[in-house]
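Summary of the model geometry
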Amino acid sequence: MTDQGPDIRGIGMTSARTRERLVQRLADHGISDLRILDRVRSVPRHLFVDEALQSRAYEDSALPIGHGQTISQPYIVALMTQALLDGIDPAKPPGKVLEVGTGCGYQTAILSPLVRRIFTIERIRELLTETRARLGELGYQNIRYRHGDGMEGWPGQAPFDGILVAAAPAGIPQALLDQIAVGGRLIIPVGPSGRQELLRVTRTETGLAQESLCAVSFVPLLEGTG
Ligand code: SAH
């Protein structure tokens, strides 16, 4: 047996190959940042889903994680990460990033070494507790967790150089716009189910600039906590 490293212990010889196939697929679909592709290669996505779904962990699809929620599709996680980081000097990574919708923590894990600090908010307490334990065991340390309504952002830590939102509101919450630092970016899916688009809003010295990146399909951003 070849040494596949601790990440993929116990799930068979095909894992390195299926991971590499996923990386190739993302590259073919326009993910060009090698650091992000490398994160997809090394984050053990099978440890973020139920055992029964582990054999599908390196497919490019969302999967159920319980609590009526999903782990995001790898392509979408990579795309959002790229939208957050492109054009930014890797030697000067974003200092503070807010993530709304921690879920199982896959996006958090992909992002962790690419930024200085992550502040992540999840509305379902149980999910947050499980995820905090998982990311702790995997050794991610630059993350702070909060149980709450991410629509309000995290005012005590604002402003943020980046904000990533993993669920879609009908319109962009004002609190999140207010918490983007000058030069910072908000990456957010917006709109009703079936008609969502992924937006990037950048704060400049003079105001906000908005770009539409692509059509997407996210779970809804819900008000309050679960
Ligand atoms: N980031 C995850 C995807 C999570 S799915 C990944 O990498 O796979 C979206 C998550 O957003 C769900 O866990 C859901 O509970 C959470 N969510 C929905 N509305 C929210 C809100 N208002 N505040 C915080 N989290 C919210």
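Further up the page is the structure itself.
Residues numbered from 1 in each chain as written. Predicted model: local features only at pLDDT ≥ 70, side-chain atom pairs only at ≥ 80, totals over all residues. Heavy atoms only, no water.

Examining the overall build of the chain
If you tally the helices and strands in the chain, you get six helices and nine strands. Principal axes of the C-alpha set define a box for the chain whose edges measure 60 × 35 × 35 Å. Of all intrachain contacts in the chain linking residues separated by at least 6 positions in sequence, the fraction that spans at least 24 positions is 52%. As presented, the chain carries roughly 10,800 Å² of accessible surface, and 49% of it is formed by carbon and sulfur atoms. In the chain, 24 positive and 25 negative side-chain charges are present, and the distance between their average locations comes to 2 Å. (Helix = DSSP H or I, 4+ residues; strand = E, 2+ residues; numbered from the N terminus. Contact = heavy atoms within 4.5 Å. Areas by Shrake-Rupley, 256 points an atom, 1.4 Å probe, with all protein chains shown as cover. Lys, Arg positive; Asp, Glu negative; His and termini not counted. Charge placed at Lys NZ, Arg CZ, Asp CG, Glu CD.)

Details of the site of the ligand
The ligand sits among 25 residues. The nearest are S72, E122, D149, G150 and L222. Q107 places a polar main-chain atom, nitrogen or oxygen, 2.9 Å from an oxygen atom of the ligand. Backbone polar atom of L222 to a nitrogen atom of the ligand: 2.5 Å apart, as the coordinates give it. When the ligand sits alone it has 580 Å² of accessible area, and the protein chains cover 99% of it. Placement of the ligand is best described as lying within the largest pocket. When residues of the shell around the ligand are traced back to their parent elements, those giving at least two are β2 (69-71), α4 (106-111) and β4 (117-122). The residue makeup of the shell around the ligand, split by class, is twelve nonpolar, nine polar and four charged. (Near = heavy atom within 4 Å. Polar contact = N/O pair within 3.5 Å; in protein donor to acceptor, adjacent residues only side chain to side chain. 1 Å grid on protein atoms, 1.4 Å probe; cavity = no way out; pocket = protein on both sides within 12 Å on 5 of 7 lines; lining within 4 Å. Sits in = over half its atoms within 2 Å of the grid points. Nonpolar A, V, L, I, M, F, W, Y, C, P; charged D, E, K, R; others polar.)

Focus: helix α1 (residues 15-28)
In an α-helix, one turn spans 3.6 residues, which is why side chains three or four residues apart end up on the same side. Taking 1.5 Å of rise per residue, the 14 residues of α1 would be expected to cover 20 Å, and the 20 Å separating its terminal C-alpha atoms lies within 8% of that figure. Every buried residue of α1 is listed here: S15, R19, L22, V23 and L26. Looking down the long axis of α1, one finds its buried residues gathered within 100 degrees of arc, a one-sided arrangement. Seen from the open side of α1, the exposed residues pointing more than 90 degrees away from its buried face are R17, R21 and D28. Where α1 is buried, its residues touch α2 (34-42) and α3 (74-85). Two residues or fewer after α1 comes G30, characterised by a positive phi angle close to 105 degrees. (Expected span 1.5 Å × (residues − 1). Buried < 20%, exposed > 50% of the residue type's maximum accessible area, 1.4 Å probe, protein only. Arc of directions from axis to C-beta.)

Comments concerning the side chain of T108
On the secondary structure map, T108 appears in helix α4. Given a relative accessible area of 1%, T108 falls into the buried group. Setting aside chain neighbours within four positions, we find T108 in contact with E99, T102, I118, T120, L135 and I143.

Side note on α2
Every buried residue belonging to α2 is among I36, L37, R39 and V40, and all of these are buried. When α2 is viewed along its axis, its buried side chains cluster within an angular range of 155 degrees and face the same direction. Structurally, α2 contributes buried residues whose contacts are with α1, α3 and α4.

Things to note about the layout of surface pockets
Its volume calculated, the largest pocket comes out at about 510 Å³. Forming the boundary of the largest pocket are 33 residues, of which T70, S72, A166, A167 and V219 lie nearest the centre. When contributions to the lining of the largest pocket are tallied by element, the ones reaching two or more residues are β2, α3, β3 (96-100), α4 and β4. Grouping the constituent residues of the lining of the largest pocket by class yields 17 nonpolar, twelve polar and four charged. (Points joined across faces, edges and corners; volume = space filled by probe spheres on them.)

Shape is all these values report; function is a separate question.
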